[in-house]
Amino acid sequence: MKKHNYSAGPCILPQEVFEKSAQAILNFNDSGLSLLEMSHRSKDFVAVMDEARSLVLELLGLEGKGYQALFLAGGASLEFLMVPYNLMKENGKAAYLDTGTWAAAAIKEAQLFGETSIIGSSKEQNYNHIPKGYSIPEDADYFHCTSNNTIFGTQMKEFPETSIPLVCDMSSDIFSRVLDFSKFDLIYAGAQKNMGPAGTTLIVVKEEILGKTGRTIPSMLDYTKHIKAESMYNTPPVFPVYASLLTLQWLKNLGGIAAIEKINNAKAALLYAEIDRNPLFKGAAAVEDRSNMNATFLLNDEAHAATFDALWKAAGISGLPGHRSVGGYRASMYNALPLESVQVLVDVMKELETKV
Ligand SMILES: *Cc1c(COP(=O)(O)O)cnc(C)c1O
């Protein structure tokens, strides 16, 4: 039986993406070849890369606005260092918002390159909210933030106005809600949270911010080189790119980001209403900063854990335990998770009330 998959990442993808990508491994486009055994320079694969790159810009509303989309390897974690490599000037500086484990990991890498100031942090409160009221130093080379904190279950609802390049790690909420994406100068996202399988990272960058650092950048880490090579500077991760394209096509057919946002809002509203209503549970994150992608919650009495765990497992739910830094539970409700799966979880939470 197919599970109700709440995994935080790699995560659930649409069933049709699994089916079509399985078919492509056997026989891609009726070519008599597997997607896995054909040249990335073949006409068939070049078409995949081109469509994936343009569909990203189309879905984000960034076509014709000076942006480029790249599908690279190395995960979002490699972007933690590619960003300062490409944007921080020699003897320059950068400003970061410290909102969780991933933000802190990005800060650690930037510190290797130059003066990195943390202009807001919720670390002392175990990252249970998004810092507010910070000010961005306008002489920094860029400002970096994390739109959704996958581990702690917080999400930025607003983004600051700034004259310096705005860089955002959107790994766990890209394509999940309508934003004015043209406010951002560089967005990156590991595919495996909301776009595709592990193995590729999406980078969307406004070309005019590149080439200004004065530093020599190793080729594989240079966004400009990847753009020039149309995201094929070396052999790209062909399968993750293809499966990501299928997910993007699925999203477009559904009506794009505006359509999925409605569904995501309904899923989050359903679950948070139960977390707030049910006297056995409490939410882990500040209410105003709650993530619509990853809902973190705890039992008020840990003694009920064994009963609750047995109930959700019996209901076919998978991937619910929270990250060790928060404990409790984390329900990751990425784009492909159906509303019905959230109803199953809510029903189990209600059932627990009758068992304890
Ligand atoms: C998972 C995650 C990362 C790390 O992604 P990798 O692709 O494993 O390097 C970075 N940032 C956020 C917000 C994440 O959720």
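For the structure, check the block above.
Let us look at the structure shown here. (Residues numbered from 1 in each chain as written. Predicted model: local features only at pLDDT ≥ 70, side-chain atom pairs only at ≥ 80, totals over all residues. Heavy atoms only, no water.)

1. Some details on unusual backbone geometry
- Cis geometry marks the peptide bond from Gly 9 to Pro 10; its omega dihedral reads -10°.
- Mapped onto the elements of the fold, Pro 10 is located in the loop between strand S1 (4–5) and helix H1 (15–26).
- Backbone geometry at Asn 29 places phi at a positive 50°, although glycine is not the residue there.
- Relative to the helices and strands, Asn 29 is located in the loop between H1 and helix H2 (43–60).
- Even without being glycine, Tyr 127 reaches a positive phi, approximately 55°. (Helix = DSSP H or I, 4+ residues; strand = E, 2+ residues; numbered from the N terminus.)

2. A few points about the site of the ligand
- If you check the shell around the ligand, you find 13 residues, and the closest are Ser 77, Thr 150, Asp 169, Gln 192 and Lys 193.
- A distance of 2.6 Å separates an oxygen atom of the ligand from a polar side-chain atom of Ser 77.
- Between the ligand and Asp 169 there is a distance of 2.6 Å, counted from a nitrogen atom to a side-chain nitrogen or oxygen.
- Taking 390 Å² as the accessible area of the ligand by itself, protein coverage stands at 88%.
- The element contributing the most residues to the shell around the ligand is helix H3 (residues 75–87), with 4 residues. (Near = heavy atom within 4 Å. Polar contact = N/O pair within 3.5 Å; in protein donor to acceptor, adjacent residues only side chain to side chain. Areas by Shrake-Rupley, 256 points an atom, 1.4 Å probe, with all protein chains shown as cover.)

3. Quick word on a nonpolar patch on the surface
- Side chains of Ile 25, Leu 26 and Leu 36 sit close together on the surface and give an oily, nonpolar patch of about 290 Å² of accessible area.
- With respect to the element layout, Leu 26 can be found in helix H1. (Patch = residues over 30% accessible without salt bridge, like charges linked within 9 Å, V, L, I, M, F, W, Y side chains within 5 Å. Salt bridge = Lys/Arg side-chain N within 4 Å of Asp/Glu carboxyl O.)

4. Here's the deal with the nonpolar core
- Among the nonpolar cores identified, the biggest contains 56 residues, and Val 56, Phe 71, Phe 143, Phe 175, Leu 202 and Val 204 are the most heavily contacted of them.
- Setting aside anything within four residues of it in sequence, one finds Val 204 in contact with Val 56, Leu 57, Leu 60, Leu 62, Tyr 67, Gln 68, Ala 69, Asp 185, Leu 186 and Ile 187. (Core = buried A, V, L, I, M, F, W, Y, C linked by side-chain atoms within 4.5 Å. Buried < 20%, exposed > 50% of the residue type's maximum accessible area, 1.4 Å probe, protein only. Contact = heavy atoms within 4.5 Å.)

5. As for the packing of H3 against helix H4 (residues 101–110)
- In the contact formed by H3 and H4, the axes pass within 8 Å of each other and the chain directions differ by 40°. Judged by the inter-axis angle, H3 sits oblique to H4. Crossing geometry of H3 relative to H4 is assigned as right-handed. On H4, the residues that touch Ser 77, Phe 80, Leu 81 and Pro 84 of H3 are Trp 102, Ala 105, Ala 106, Glu 109 and Ala 110.
- Residue classes in the contact of H3 with H4 are distributed as 7 nonpolar, 1 polar and 1 charged. (Axes fitted to C-alpha atoms, helices over the stretch in contact; angles between N-to-C directions. Parallel < 35°, antiparallel > 145°, perpendicular 65-115°, else oblique. Left-handed = near helix turned anticlockwise from the far one by under 90°. Nonpolar A, V, L, I, M, F, W, Y, C, P; charged D, E, K, R; others polar.)

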